[in-house]
Amino acid sequence: MNFGFSEEQEILRGEVRKFLDEHAPLEEVRRQAEATDGFSRELWSRMSALGWVGLTIPEAYGGAEMGLVTSVVLLEEAGRGLFPSPLVSQTLAAQAIMRAGSDEQKQRFLPGLADGSRIATVALLEESDRFDPEGIALLAAPDGDGEVLRGRKCCVSDASAADLFVVVYRSSAGVGPDGISLAVIEKGGAGVSVDAHPSVDLTKRVSTLTLDGVRVDEGIRLGAAGSAWPTVSYIFDVGATLVTAEAVGSAEGGLAMTTAFAKERTQFGSPIGRFQGVKHPLAEMYVDVESFKSLAYYAAWALDQSADDAAIAVSRAKAYASEVLPGMGLQGVELHGGIGYTWEYDIQLYLKRARWVRPMFGDADHHYQRVAALGGL
Amino acid sequence: MNFGFSEEQEILRGEVRKFLDEHAPLEEVRRQAEATDGFSRELWSRMSALGWVGLTIPEAYGGAEMGLVTSVVLLEEAGRGLFPSPLVSQTLAAQAIMRAGSDEQKQRFLPGLADGSRIATVALLEESDRFDPEGIALLAAPDGDGEVLRGRKCCVSDASAADLFVVVYRSSAGVGPDGISLAVIEKGGAGVSVDAHPSVDLTKRVSTLTLDGVRVDEGIRLGAAGSAWPTVSYIFDVGATLVTAEAVGSAEGGLAMTTAFAKERTQFGSPIGRFQGVKHPLAEMYVDVESFKSLAYYAAWALDQSADDAAIAVSRAKAYASEVLPGMGLQGVELHGGIGYTWEYDIQLYLKRARWVRPMFGDADHHYQRVAALGGL
Amino acid sequence: MDFELSPEEEAFRDEVRRFLDENLPPVEERKPEFEGEWQRKVRDKRWVGFSWPSDVGGGGGSIMEQVILKEEMSDRRAPSLGTCFMGLAWVGPSIIHYGNETQKQRFIPEILDGKYQWCTGYSEPGSGSDLASLQCKAVREGDEYVVNGQKIWTSLAPWAEWIILLVRTSSDGPAKHDGITCLLVPMKSPGVDVRPIKNMAGSAVFAEVFFDNVRVPAENRLGEEGQGWQVTVSALASERSSISEVQGLVRRYAELKELAQTTQKNGRPASAHGPLRARLVRVETRIEAMRLNGLRFLTKQLKGEKLGSETSINKLHRANLEIEMGEIALEICGNAASVASGEATPGGGKWQHFSLSWPEVVIGGGTPNIQRNIIAERILGLPKD
Amino acid sequence: MDFELSPEEEAFRDEVRRFLDENLPPVEERKPEFEGEWQRKVRDKRWVGFSWPSDVGGGGGSIMEQVILKEEMSDRRAPSLGTCFMGLAWVGPSIIHYGNETQKQRFIPEILDGKYQWCTGYSEPGSGSDLASLQCKAVREGDEYVVNGQKIWTSLAPWAEWIILLVRTSSDGPAKHDGITCLLVPMKSPGVDVRPIKNMAGSAVFAEVFFDNVRVPAENRLGEEGQGWQVTVSALASERSSISEVQGLVRRYAELKELAQTTQKNGRPASAHGPLRARLVRVETRIEAMRLNGLRFLTKQLKGEKLGSETSINKLHRANLEIEMGEIALEICGNAASVASGEATPGGGKWQHFSLSWPEVVIGGGTPNIQRNIIAERILGLPKD
């Protein structure tokens, strides 16, 4: 019985934290986030070399073959200082290929993802912003022994930096899980274009991916046409878990910043952290972070083990996090007073991150409804 | 433009407060509430003589012919010290008779209600606990030129003291508003029986009214058979408003008690009211009481004026009050610490009252849904 | 209770409405030259500074007439009455109460005519909600004060020609308030340096203002030395009416309702979606409670009573509602809320901007914790911390 | 991470399960004589005082074995292990840590055998959360202490034969804690007067205990004079495991879910009703978070670290959940929630009783504000008020 991390994982945590403290303090994060693709290619290379980018990819394809629990450690640390990078997108794309791809496809795509030389993301959502099979309406037209895609995928993370897109679409019309397919589409191919949008959280870039007559054949389709829903559903769960793990870190980072401010800032003759009106909200935040942290750890473990309660565990974690994070961000800014509201001061970055996290892979309402359904309520 | 009470109403408020301070401090209220019917017949007589019991009944029938706004003043003061009496029930029964009764029926019933010599209540709900026409399932069987009732009405207030019951039932089967009737049924008639239940709030008695072959004829039916829904709907609105007005008083009473305690009680060397953890919840309670007070005043005015927005105004007031009152009651007990939880100390009586108010004439969810529907959301 | 207007008030409302019918085109038809014409016309009506006494050039409007004027203007989305925003809101009332004749004659007409902008130098980096702890210092040298120090959260500073400034002229008094003096300072004075502050929404609506040996003629002192605190409090008191706040919230709620009704969530309008619907109607109910609270306060004023700390009730509501409406809007937008602007997000990003702008109201007007303290201490009588 | 048990732990769990299979009938089949037999059998297994060292007659169970034992017992709704509730929870641990040999030999076996009840005399009317401010006084006279004062919130006092009592023996020390001493006092001593306190649910689960010149032999002092605070703190620390709390909440939630699924609201089960459904699932999620928080704390203990203030996390959750589950239940019951008992209300009134009983947990275990202070000051390091 051990609901904690292994010694190896704790060492990894220490290394990541040291690396990011050194290379990505918040002033540096702001600079990196303003780069073309919103992150530092140089740090990406160095992290790839350290094995952190391909953490969950099998050793056979150049990865470290760790579980999601180990990814949680990495992402918690990345979240703490709002480190911008396509780590989550890369992991999700790799997971999709690992789950649904043929040996040949794994051989073709995974090594580049493991060594960070190529960047990948997943293109799941459409304008309906739904997480059920009904949300996938992009319908492929049959074309000889292949299919042709014409349409748009919305809110695609890290798309402007990505070389590969794992795209979800329908091979046959309908509304249920049948007929849903996945394909790996390369940037630069005919008909593939990316519209990058200005994002509220500068460390998290979003784009629209337009597919205008993109051909999919067996070589790039992951598995048989129409068979991909179980993989997509799994990717939704992994995505929700990784985003929550990263949010544990950012929540702790924001809480630490506000707590430090409350100790230093003096008003009416004493540090504002003495007043229960400041102290109690901070205590409540701590309770919430520790709680969705426990839920997120367990969700990662349950996914790694393919446990029966993995889906409900994921939804509990993401629901709790999505529910409380924006309030924590708002409180952080409010407790700072005027300074917290300026562009120059960092606490507002945590509010923006919290709001980015909320809808990602399903908001609180979506996941609570799922907990209710799975829990037999 | 004057959103306040008239001089006459303020004088009434002063007289009521003086009367209740003298005759019904909380220790006395506890004693009265333990009497057979849960209130003091003697004080009832004195209040009747002062014209307070028949406040809204026309002068022609012995009342003071005041509007609901004036009733609000009376009930706010009654609520402040949790004064137990059938004032609300009496007013609702009188309103139903005034609205739907014939001249003859008014002449027969209202003078006794105005002078307090008879006590009346309304029997609206059934086991379904619904406030729409679907909630009324008690179906009369035709019987010559009359009808016969066989069934139960639930959660009837002040039933054990009542001489008259204004009972809602169906003259014809169905689910909509058509077919709903009202009749005045006297205690002691064949087939009429009351089962008094132990109540959580000792100052608010509830009973089940059983009608086992009770005959209704034109003499006691208020209006034509099947025509009563508009009156019933109006009674629901007046009930919600009067209960909210009384709740304004009880909320203020509970808040005043907790505030006084917070000034006196010393802990860690200073009055606990100095700590923001105590001070801020009290401030929030004040904001809430003042706010649903404004809504309740306006609702009473709108009903008196038959204003277009009367229904939505009522629902806003009752929704807000029902939403916040139980929390105020819980906070009151919690902020008192251990003493607040004892039977001997009075603050817990305010929690029990708050919980009585919550479902009466519709809880927060019911009324918010109604606001949404009426407001075109 | 009576929500009717008196015949005189009705007549005034009709006058306002007639004026608006004749002079105010719908928003989409207003041309560039309209604004100037409008300001001339309302100035001619004496509706700029309508609450100020007639003898200084104000409108001398009664409380009820002020309410009527504001409501009608807001209902029809009329431009502001006057363009010297801070002058009308803060500086004018202070000068009327505490200025000498020369100051009144010099500044009041120009404020009413909107000749230039004023800004207010009250807050400092170290003072926050504790305004009286300010440190910006003025030393008397002959006929001048020499000012050194810094102000922050100064709106409109880059465009202002004058600043109304609170400075510390003494630290000796028994209370922190006692050594504070109020000066009227030209922004062009040598040694004044303005640095805009960008807020988290990316706009620069505030600035820091630095004073480095700025010399201010003693005749520019408003009120007596050490009286600066009262001078400010009188202006703060004039800020209290909340009618137009409520109208702003009502309009915002209407936009939010439209967003909820026109955005699909899982195949149904977001407004039909249980939890969102519940939150929307809770907001609607609180806005109505604010409106009615405001009418109770107004009734008190009409009876000649002064408003006190009860105005904090609506400030707390407003703070909650500004934040909550932003959060509801973002939740409705879903993942598209991460897009800052453009066609890929409902409303083109206005909800994102709105949801990053609440601190102007919530923090600027006194933080919610300050409002809670005010209610707890001044109304409920609980001991100070 | 690893949620498996070691082979030894598995073996222990199997042993417990076998014992339960053989000795524990289902709840509805338990006869009056069952309780006595059960207590003898678990005493024989050394499962009463299972966490206490073997040399005093305890079970010497490891932390993990304690958890397994508690879980299995709770799962099968077994009766308590032992009947001397306060003795097992509070008095025993204090005596084991601070008692002399005579005291250990005298009291520990009787506590394990459940010979009689103990009660605890810690709280006083004036002390509340500020336990160290207690006033109940003991003066040494020869070989005796003479006790005068009052205790409150004493559970089981009317049935107890002994009370563990904190008294003030000196007011001189630099800290309020310093002058506190712990005495073990027979309830039959002349001058002890017990007055039951009825709670708001109408039950008398607490009492006030008055001491009027009660003479206590000095040999009944536990620990040294002035050491009473530490003696208590050690017992308080033993209260910290929250596994069984969570199981209690899980069971309560299951009942609440059943109520929601079987009660109609506007023609549908209450559980299908948007806002109630949302609140129920929020409760369910928080209970699971508590369970997992508890496993993280357990992991820390298994690694040999002491638990500190983090246990306040689950205390805050529990306080909120006890209250929230009661409120949800009452809302589901609707107007029938006003009926205190009988067939006219769902559950015959148990939800009404439950919703009036939360203070035992919420206030008794340290108010939520106290828990928030603990977290803010001891974990986040914010300054004391």
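Data block above holds the structure.
Rules used in this analysis
- Residues numbered from 1 in each chain as written.
- Chains lettered and ligands numbered in written order.
- Predicted model: local features only at pLDDT ≥ 70, side-chain atom pairs only at ≥ 80, totals over all residues.
- Heavy atoms only, no water.
- Helix = DSSP H or I, 4+ residues; strand = E, 2+ residues; numbered from the N terminus.
- Buried < 20%, exposed > 50% of the residue type's maximum accessible area, 1.4 Å probe, protein only.
- Contact = heavy atoms within 4.5 Å.
- Areas by Shrake-Rupley, 256 points an atom, 1.4 Å probe, with all protein chains shown as cover.
- Lys, Arg positive; Asp, Glu negative; His and termini not counted.
- Charge placed at Lys NZ, Arg CZ, Asp CG, Glu CD.
- 1 Å grid on protein atoms, 1.4 Å probe; cavity = no way out; pocket = protein on both sides within 12 Å on 5 of 7 lines; lining within 4 Å.
- Points joined across faces, edges and corners; volume = space filled by probe spheres on them.
- Buried area = accessible area lost by both parts, 1.4 Å probe.
- Salt bridge = Lys/Arg side-chain N within 4 Å of Asp/Glu carboxyl O.
- Polar contact = N/O pair within 3.5 Å; in protein donor to acceptor, adjacent residues only side chain to side chain.
- Nonpolar A, V, L, I, M, F, W, Y, C, P; charged D, E, K, R; others polar.

Undergrad: Give a detailed account of the overall build of chain A, specifying residues and quantitative values.
TA: Of the regular secondary structure elements, chain A holds 11 helices and 9 strands. Principal-axis analysis of the C-alpha atoms places the extent of chain A at approximately 80 × 50 × 40 Å. The 377 residues of chain A split such that 67% are buried. Pairs at least 24 apart in sequence give 74% of the contacts found in chain A among residues at least 6 apart. Only carbon and sulfur atoms are counted for the fraction: they give 50% of the accessible area of chain A, which is about 12,400 Å². Separation between the mean location of the 34 positive side-chain charges and that of the 51 negative ones in chain A comes to 4 Å.

Undergrad: Account for the side chain of A:T258, with residues named and values stated.
TA: Here A:T258 shows up in helix α7 (residues 229–264). When residues no more than four places from it in sequence are discounted, the contact partners of A:T258 are A:L282, A:G332, A:L335, A:H336 and A:I347.

Undergrad: Lay out empty space enclosed by the protein in plain terms, naming residues and giving numbers.
TA: All names here are of chain B. All chains considered together, the criterion is met by 14 cavities of 30 Å³ or more. Approximately 270 Å³ is the volume attributed to the second largest cavity. Mapped onto the lining of the second largest cavity, the elements with two or more residues apiece are α5 (87–100), β1 (120–123) and β3 (146–157). For the lining of the second largest cavity, the element with the highest residue contribution is β3, accounting for 4 residues.

Undergrad: Describe unusual backbone geometry, and please don't skip the residues or the numbers.
TA: At A:F268, a position not held by glycine, the phi torsion is positive, near 50 degrees. Residue placement: A:F268 occurs in the loop between β8 (266–267) and β9 (270–271). Although it is not a glycine, C:N266 sits at a positive phi angle of roughly 50 degrees.

Undergrad: Can you lay out the interface of chain B and chain D for me, pointing to particular residues and giving the numbers?
TA: Taken together, the 40 residues of chain B in the interface contact 46 residues of chain D. Of the roughly 3,500 Å² buried between chain B and chain D on both sides combined, carbon and sulfur atoms contribute 58%. Scanning the region where chain B abuts chain D turns up 5 salt bridges. The shortest N-O distance in the salt bridge between B:R274 and D:D385 comes to 3.6 Å. Taken together, chain B and chain D are joined by 15 residue pairs in polar contact (both at pLDDT 80 or more). Among the elements of the structure, β8 (266–267), α8 (276–304), α9 (310–336) and α10 (347–357) of chain B are those that each provide at least two residues to the side of chain B that touches chain D. Residues of the side of chain B that touches chain D, tallied by class, amount to 20 nonpolar, 9 polar and 11 charged.

Undergrad: Which residues make up the environment of D:E110, and what values go with them?
TA: Residue and element names in this part refer to chain D. Along the chain, E110 falls in helix α5 (residues 101–113). Separated by 266 residues in the primary sequence, E110 and A376 place their C-alpha atoms 41 Å from one another. Setting aside residues up to four positions removed in sequence, E110 forms contacts with K115 and Y116. Here Y116 takes part through its side chain, which lies 2.2 Å from a polar atom of the side chain of E110.

Undergrad: Go over the interface of chain A and chain D, please, and point to the residues and values.
TA: Taken together, the contact between chain A and chain D spans 42 residues of the former and 43 residues of the latter. The largest contributions to the chain A side of the interface with chain D come from A:M1, A:F3 and A:L377, which together make up 21% of the buried area. Across the chain A-chain D interface, the total number found is 8 salt bridges. Residues A:R316 and D:E284 are paired through a salt bridge, measuring 2.9 Å at the closest nitrogen-oxygen approach. Put simply, chain A and chain D have 23 residue pairs in polar contact (both at pLDDT 80 or more) between them. Residue assignment for the side of chain A that touches chain D shows that the elements contributing at least two residues are α7, α8 (276–304), α9 (310–336) and α11 (364–374) of chain A. No other element matches α8(A), which puts 16 residues into the side of chain A that touches chain D.

These figures capture arrangement, not role.
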